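Working through the structure, step by step
Here is how the chains run, residue by residue.
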Amino acid sequence: MDDGMAIAGGRLAAADYSRNFDEVKPPLDRHQAIVEASRCLFCYDAPCLEACPTGIDVPSFIRKIGTGNLKGAALDILSENIMGGMCARVCPTEVLCEQACVRNEGESQPVKIGLLQRHATDWLLQQQIQPFTRAAPSGRKVAVVGGGPAGLSCAHRLALLGHAVTVFDARPKLAGLNEYGIAAYKTPHGFAQREVDFILGIGGIETRLGQALGRDIHLDRLKRDFDAVFLAIGLPDTKKLDLAGEELDGVEDAVTYIEMLRQAQDLSRLPIGRRVVVIGGGNTAIDIAVQARRLGAEDVTLVYRRGAETMSATHHEQEFAQTNGVRIRHWARPVRLIGQNGNVTAAEFEHTELRDGRLTGTGRNFTLPADQVFKAIGQAMTGDVLHAAGLGGLTLRDGKIAVDGEGRTSDSNVWAGGDCTAGIDLTVQAVQDGKLAAHAIDRHLRG
Ligand SMILES: Cc1cc2nc3c(=O)[nH]c(=O)nc-3n(C[C@H](O)[C@H](O)[C@H](O)COP(=O)(O)OP(=O)(O)OC[C@H]3O[C@@H](n4cnc5c(N)ncnc54)[C@H](O)[C@@H]3O)c2cc1C
Ligand code: SF4
């Protein structure tokens, strides 16, 4: 149990860890799913379909759930979004399909599209049904670099279209941030790897793990050995604060910590502060703040430089953090991190405001005591990373790999998608990027 140190593991009893990191959103049972499906109005020109980045035919799959055709429902979902199971768990549906649902108007409660999607896809995975059949072999080979949502979606669609695919990934496991980043309580019980097994089950996809682009494999070589290359390496770097004290012990990168948490066999061994400060306003900031609380941190404060409405974390996520005991302070930016004997002890902030539309400091400062500070101000693709990966020759846009409407980079045999290209950084968008690039590559390979 807690040894009184500022940063320590074992702050909770064993049962609390399993309770705190179990699923926050339980699935619907059969009866609940049928009742929920009956709320759908099967709208013509359904706005929920338009709002889904992968274009899943929502009314069609809901109708099939209602008539007991779970296989048909799952096929509707998976043929547009092969990670329909993960997206049902992690999509911010409150700002996508469910926000668009017409039921919001009459009853102020949308149809629970995410939970219904989960009901159908979970059923199919449990039955161990392989619903897809590959096209005849095309004789063409494609290299996919990065086996996260974008890479696996592209690989699956290419395999379906008859191409031979090799997926390279630097890490020991596939699934990218589904396995190493998403909050533990959104996708527990090894679901990310079960979904990978299902995706690879189509056949025609070889995997090479522990292979990093720029270290073990090189773009020039891949371009020689394969007919096309798809890059889906995500955003490997965390942005720096560039503040005095950033090097102090206890100042940590949120994504690296979450990766450690997601891979931990024993959560009680994870060292967490008693007083934790999180800097940032997105998914990562919310996730590290909530998980710090659930690991037993007593006091967790998330500080964001602007107002609640400009946080990239949705209103629903902000509310979730607050109900988990996270204090959110808006309109303040960090000015320095303070330490003693090499360990962080506090973070100093300056209140901010908008002056003529520009964010400025007010000159009024405050200090928060902290024995652990998490940086969560965003992921980046630095020039160093690109050069190390041998991608320095590709054109960039806003610090990411520039692509056209089909995902093609400035190199005519190389495509890219997901977080390493411009766009919304969401699992569902990465899946869609991979799918669209696979079709563009297919058209290219078939001349
Ligand atoms: C903490 C956190 C929480 C999030 N929570 C949510 C959420 O709840 N809902 C949501 O929709 N989105 C969430 N996101 C965003 C979502 O996870 C990403 O948008 C999505 O994973 C992007 O997929 P990707 O395939 O582009 O990249 P990634 O998932 O990052 O996958 C990239 C893959 O490339 C590999 N790779 C990297 N460099 C190399 C290299 N040099 N050589 C070979 N392989 C390499 C990596 O090992 C990895 O497997 C979250 C992100 C973070 C950081
Ligand atoms: S908008 Fe709502 S009610 Fe209409 S089809 Fe979509 S889920 Fe059903």
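Refer to the structure printed above.
Just so it is clear, the model here is predicted, and its values are computed rather than measured.

The full set of residues close to ligand 2 is Cys 40, Leu 41, Cys 43, Ala 46, Pro 47, Cys 48, Pro 59, Cys 101, Val 102, Val 111 and Ile 113. The cavity where ligand 2 resides is the second largest cavity. Per-class residue counts for the shell around ligand 2 are 11 nonpolar, no polar and no charged.

With 19 residues, helix α18 (residues 427-445) should cover 27 Å at 1.5 Å per step; its first-to-last C-alpha distance of 27 Å lies within 8% of that length. Burial analysis of α18 places 15 of its 19 residues in the buried class, the great majority of the element. Of the residues one or two after α18, Gly 447 is the one with positive phi, at around 65°.

Counted according to the given criterion, the structure contains 26 salt bridges. Its salt-bridge partner being Lys 186, residue Glu 317 comes within 3.9 Å of it at the nearest N-O pair. Of this pair, Glu 317 sits in helix α16 (residues 315-323) while Lys 186 sits in the loop between α11 (177-180) and α12 (191-200), and the two are 131 residues apart along the sequence. On the basis of relative accessible area, Glu 317 is assigned to the buried category, the value being 11%. Linking Arg 336 and Glu 348 is a salt bridge whose minimum nitrogen-to-oxygen distance equals 2.7 Å. A residue pair is termed long-range when its members are at least 10 positions apart, and Arg 336 in strand β12 (residues 332-340) and Glu 348 in strand β13 (residues 343-355) qualify at 12 residues. By sharing partners, the salt bridges in this structure join Glu 23, Arg 89, Arg 118 and Asp 122 into a single network.

In this section: the side chain of Thr 409. Mapping Thr 409 onto the fold places it in the loop between β18 (400-401) and β19 (414-416). When its relative accessible area of 8% is taken as the criterion, Thr 409 is described as buried. A distance of 3.1 Å separates the side chain of Thr 409 from the backbone nitrogen of Asp 411, its partner in a polar contact.

Calculation rules
Residues numbered from 1 in each chain as written. Chains lettered and ligands numbered in written order. Predicted model: local features only at pLDDT ≥ 70, side-chain atom pairs only at ≥ 80, totals over all residues. Heavy atoms only, no water. Near = heavy atom within 4 Å. 1 Å grid on protein atoms, 1.4 Å probe; cavity = no way out; pocket = protein on both sides within 12 Å on 5 of 7 lines; lining within 4 Å. Sits in = over half its atoms within 2 Å of the grid points. Nonpolar A, V, L, I, M, F, W, Y, C, P; charged D, E, K, R; others polar. Helix = DSSP H or I, 4+ residues; strand = E, 2+ residues; numbered from the N terminus. Expected span 1.5 Å × (residues − 1). Buried < 20%, exposed > 50% of the residue type's maximum accessible area, 1.4 Å probe, protein only. Salt bridge = Lys/Arg side-chain N within 4 Å of Asp/Glu carboxyl O. Polar contact = N/O pair within 3.5 Å; in protein donor to acceptor, adjacent residues only side chain to side chain.

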